[in-house]
Each structure stands twice: as structure tokens, then as C-alpha cells.
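A structural walkthrough
In case you want the letters, here they are:
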Amino acid sequence: MKRIFKLIEKYFFIIILVAVVISLIYPSLFNWVLSEYNGISILNLLLSIVLFTMGTTLKVDDFVNVFKNPKEIAAGISAQYIIMPLLALALASIFSLNTALTVGLILVGTVPGGTASDVITFLAKGDVALSVSLTAVSTIISPILTPIITLFLIGNQINFSPVDMFISIIEIVIIPIILGLILNYKFPDFCEKLKDYLPALSSIVICLIVAGVIGVNKQAILTSSSIIIIVIIVQYFLAMLLGFAVGYLAGMNRKQIITVAIELAFQNSGLSTGLAKTHFPSLSQATVPGALYSVWQNFAGSILAYIFRRYV
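Throughout what follows, the structure given in this document is the object of discussion.

Definitions and limits used
By convention here, each chain's residues receive numbers from 1 onward along its written sequence. Under the rules for a predicted model, residues below a pLDDT of 70 receive no local features and side-chain atom pairs below 80 are neither given nor counted, while totals for whole chains, interfaces and linings still include all residues. Derived side-chain values reflect all non-hydrogen atoms in the structure, with water molecules and hydrogen atoms excluded from consideration. Here the term cavity refers to a set of points on a 1 Å grid, laid over the protein atoms alone, in which a 1.4 Å probe fits but cannot get out; the term pocket refers to an open set having protein on both sides within 12 Å along at least five of seven lines, with lining residues being those that place an atom within 4 Å of a point. Grid points are joined across faces, edges and corners, and a volume is the space filled by probe spheres set on the points. By definition, any uninterrupted DSSP run of H or I lasting at least four residues is a helix, any uninterrupted run of E lasting at least two residues is a strand, and each is numbered from the N terminus. Polar here means any residue other than Ala, Val, Leu, Ile, Met, Phe, Trp, Tyr, Cys and Pro, which are nonpolar, and Asp, Glu, Lys and Arg, which are charged; Gly is therefore polar. Think of it in three bands: residues with accessible area under 20% of the maximum for their type are buried, residues over 50% are exposed, and the middle band is partly exposed, with areas taken using a 1.4 Å probe on protein chains only. In this analysis, axes come from line fits to C-alpha atoms, helices being fitted only over the stretch in contact, and the angle between any two N-to-C directions falls in the range 0 to 180 degrees. Take the far helix as the reference: if the near one is turned anticlockwise from it by less than a right angle, the crossing is left-handed, and if turned clockwise, right-handed. Here, two residues are considered to be in contact whenever any of their heavy atoms come within 4.5 Å of each other. Pairing of aromatic side chains requires ring centres within 6.5 Å, counting the rings of Phe and Tyr and the six-membered ring of Trp. Pairs whose planes differ by under 30 degrees are stacked, by over 60 edge-to-face, and all others tilted. Each residue after the first adds 1.5 Å to the expected span of a helix. Pairs of N or O atoms within 3.5 Å make up the polar contacts considered here, provided that, within protein, one atom can donate a hydrogen while the other can accept it, and that residues adjacent in sequence are counted only when both atoms are side-chain atoms.

Thoughts on the layout of surface pockets
Looking at the largest pocket, its volume works out to about 1100 Å³. The set of elements that each furnish at least two residues to the lining of the largest pocket consists of α1 (2-10), α2 (12-25), α3 (42-56), α7 (116-123), α8 (128-140), α12 (198-216) and α16 (288-311). The leading source of residues in the lining of the largest pocket is α7, at six residues. Broken down by class, the residue content of the lining of the largest pocket amounts to 18 nonpolar, seven polar and seven charged. Empty space within the second largest pocket amounts to approximately 210 Å³. Of the residues forming the lining of the second largest pocket, the biggest block, six residues, is contributed by helix α13 (residues 218-249). For the lining of the second largest pocket, the class distribution of residues is eleven nonpolar, one polar and no charged.

As C-alpha cells, this is what we get:
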């Protein structure tokens, strides 16, 4: 069983591509992902599972590292919440995206770093401790910064409640992480055993989320795929390059520079999809950028990790 879960974790980028193909051929198969059960959003519930698994891998020491590397943390978090939102806004304007896709792309830019960045950093032989700290800190402060920055960038175009978004992020992100932290604190040996299985579980959940969003928006994706896919690829690689620049200008070492670049390019795209569905229900295409970004960042990230490990 452990070997199967390790294979799922290792070949996640292939599995997610298979999920995308299946969702395009049989879109109704994943309709349940974007439905509700007793008034509870299944999509948000799935996201909470991913963040809970992240919480079980965190310890107090991960947050203590913030004080050990204040310069690196400050540079990484500043880039996360300044560069990524502005990059998303610029690309949406340059490529003249419609309102729904613009909202979705900006949400990809304003959410915190994705948990997959820690795995990719490990594979790329980066600074894993720094990666975990950056992901944890950007996630913890996201209930404040994500709604505020989103309001600043698109609030004059589309009405939405940043307070409701704040509450959503608390429910979807912070509470599951705290529960995971408590479980790890109370039962560290049990959580240590879970580490062999939870990354694969998170991978499966992310695949379901991506398949659900793409299946529901199949027609919209097929009619606008060339533009939005190009934007997603450009956004990803520019984020990676800007991450390298931030790390270099901040005087970081090689491992830290690689880590910041990966952290900046890897976004919690599942969260952006959940926020788009919850707070912009009339803009169905707003969920598309997050789903496509999730597919691309994991596919390209796995390849880049190999390149970084061998040649950088």
C-alpha cells in the first residue's frame, strides 16, 4: 500500500493530466465536485482536506525558522503578495481577457503559495526549511492580504465582499491547518506515519478538484483555451524568473534562490478556484485559470525540478 501511495506522489503530474483528459471526455463524471451536500460546498471541503494534511506536517519549529531567516522570509512574502498580483493584472490587461478570466487570473495571483512547492523544492535540492516557512507564513496571512489585494485590483469593476472572502479563507485554510497542527502536536508519532500517505492523498484530491472544474467548464475552456493557456504558461515562467531575480537581489545563496523562485511560481490554485466559485458565482469562467494553473504548475514543476537538480 505504501508503495502505491509513493508512486501516486511521484507521478502526480501524469495522474493530473489523465484526470484532465477524462474530465474533457466525460465531463459529467466529476459534476459532484462543484455541487453541495447539505449546504456545504464539496469543493471547499476538498480544499480543507488538502490544507489539513499540510497542517499535520507542520511543527512550531517551522514558524521559528521565520525568525532565523527574516531577510529571506521578508523577500519571499513581499514578492508573493506584490509581484504575483501585479503580474496577473498586467497579463490580463495585455491579453485582453474577459471579466471572468481576469478575476480568476487575479485570484491565482493573490492567493498564498501552494503546498506542492515544498515537494518540488525538495526534488530540486533547494532549501526545504525555507520553502515550508514561506508556504506556512503566506498561508497564515492570506485571510488578510488575499481579500484586500483582490479588492484593490478588481473592486472597482466587480462587487464582492472582502469580509466574506476573509471568512471563507479562515474556514477553508486556517481552521484545517490549526486542526492539523494540533493533531501533530498531540500525536507526533501517528502524524509521522501519515507522512507516507498524505502527500498522495492531497494529490488525488487536487486531481478531483481540477477534473471537476475543467469538466464543468469544458465548453468555455475549448473555446478560449489558446489564449488562457498561453497566459497561464507565461504567468508561471515569469513568476519563476522574477523569483530568481528577487533571490539574487536579496543576496541569497543558490539553494535559497531556487526555493524563492519555486515558491513564487507555485500558487494555491485550488484555493483560487474555490474562492472564484464561492464569491463570483455568476462568473463561471473565473474558476478556469486556477484549474489550468494547477495542471501546468505541477507538470512543468516536476520537469524543472529535475533540471535544477542536475544543472543549476
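Okay, back to it.
A word on α7
All buried positions along α7 are accounted for by A116, S117, D118, I120 and T121. Two residues or fewer past α7, K125 is found with a positive phi of approximately 60°.

Re the packing of helix α6 (residues 99-110) against helix α9 (residues 142-154)
At their nearest, the axes of α6 and α9 sit 10 Å apart, and the two run at 145° to each other. Where α6 crosses over α9, the two elements pack in a sense that is right-handed. Touching V103, I106, L107 and T110 of α6 are T146, I149, T150, L153 and I154, all from α9. Class assignment of the residues belonging to the contact of α6 with α9 gives a composition of six nonpolar, three polar and no charged.

Things to note about unusual backbone geometry
Within the chain, S96 stands out as a residue other than glycine whose phi angle is a positive 50°. Looking at the secondary structure, you find S96 in the loop between α5 (70-94) and α6. Judged by relative accessible area, which is 61%, S96 ranks as exposed. One non-glycine residue, K125, lies in positive phi territory at about 60°. Position of K125 among the secondary structure elements: in the loop between α7 and α8.

Here we look at empty space enclosed by the protein
For the coordinates displayed, the defined rule picks out one cavity of 30 Å³ or more. When its volume is computed, the largest cavity comes out at roughly 190 Å³. In terms of lining residues, the largest cavity is bounded by 20 residues, among which I206, N268, S269, G270 and S294 are the most central. The element contributing the most residues to the lining of the largest cavity is α16, with five residues. For the lining of the largest cavity, the per-class residue count stands at nine nonpolar, eleven polar and no charged.

Re the packing of aromatic side chains
A full pass over the atoms with the stated rule returns six aromatic pairs. Relative to W296, the ring of F237 lies with its centre 6.0 Å away and its plane at 70°, an arrangement referred to as edge-to-face. In this pair, F237 sits in helix α13 while W296 sits in helix α16, placing the two residues 59 residues apart along the sequence. Classification of F237 by relative accessible area gives partly exposed; the value is 34%. Summarising the aromatic geometry, the rings of W296 and F299 are spaced 5.9 Å apart at their centres and angled 50° between planes, so their arrangement reads as tilted. Residue W296 and its partner F299 are both found in helix α16; the two are separated by three residues, about one turn of the helix. An aromatic cluster of at least three residues, connected via ring pairs, comprises Y236, F237, F266, Y293, W296 and F299.

Comments concerning α6
Between its first and last C-alpha, α6 extends 16 Å over twelve residues, near the 16 Å set by a 1.5 Å rise per residue. Looking only at α6, the buried set comprises A100, L101, T102, V103, G104, L105, I106, L107, V108, G109 and T110. The opening residue of α6 is N98, an N-cap whose side-chain oxygen sits 3.2 Å from the backbone nitrogen of A100.

Topic: the packing of α8 against helix α14 (residues 254-265)
The interhelical angle for the contact between α8 and α14, taken along N-to-C directions, is 35°, at an axis separation of 9 Å. Here α8 runs over α14; the crossing is right-handed. Counted together, L130, S131, L134 and T135 of α8 and Q256, T259, V260 and E263 of α14 form the full contact between these two elements.

Observations concerning the side chain of S168
Residue position: S168 is located in helix α10 (residues 162-186). Given the relative accessible area of 9%, S168 is considered buried. Excluding residues within four positions of it along the chain, S168 makes contact with L275, T278 and H279.

From the geometry alone we can't say anything about function, so treat these as descriptive.
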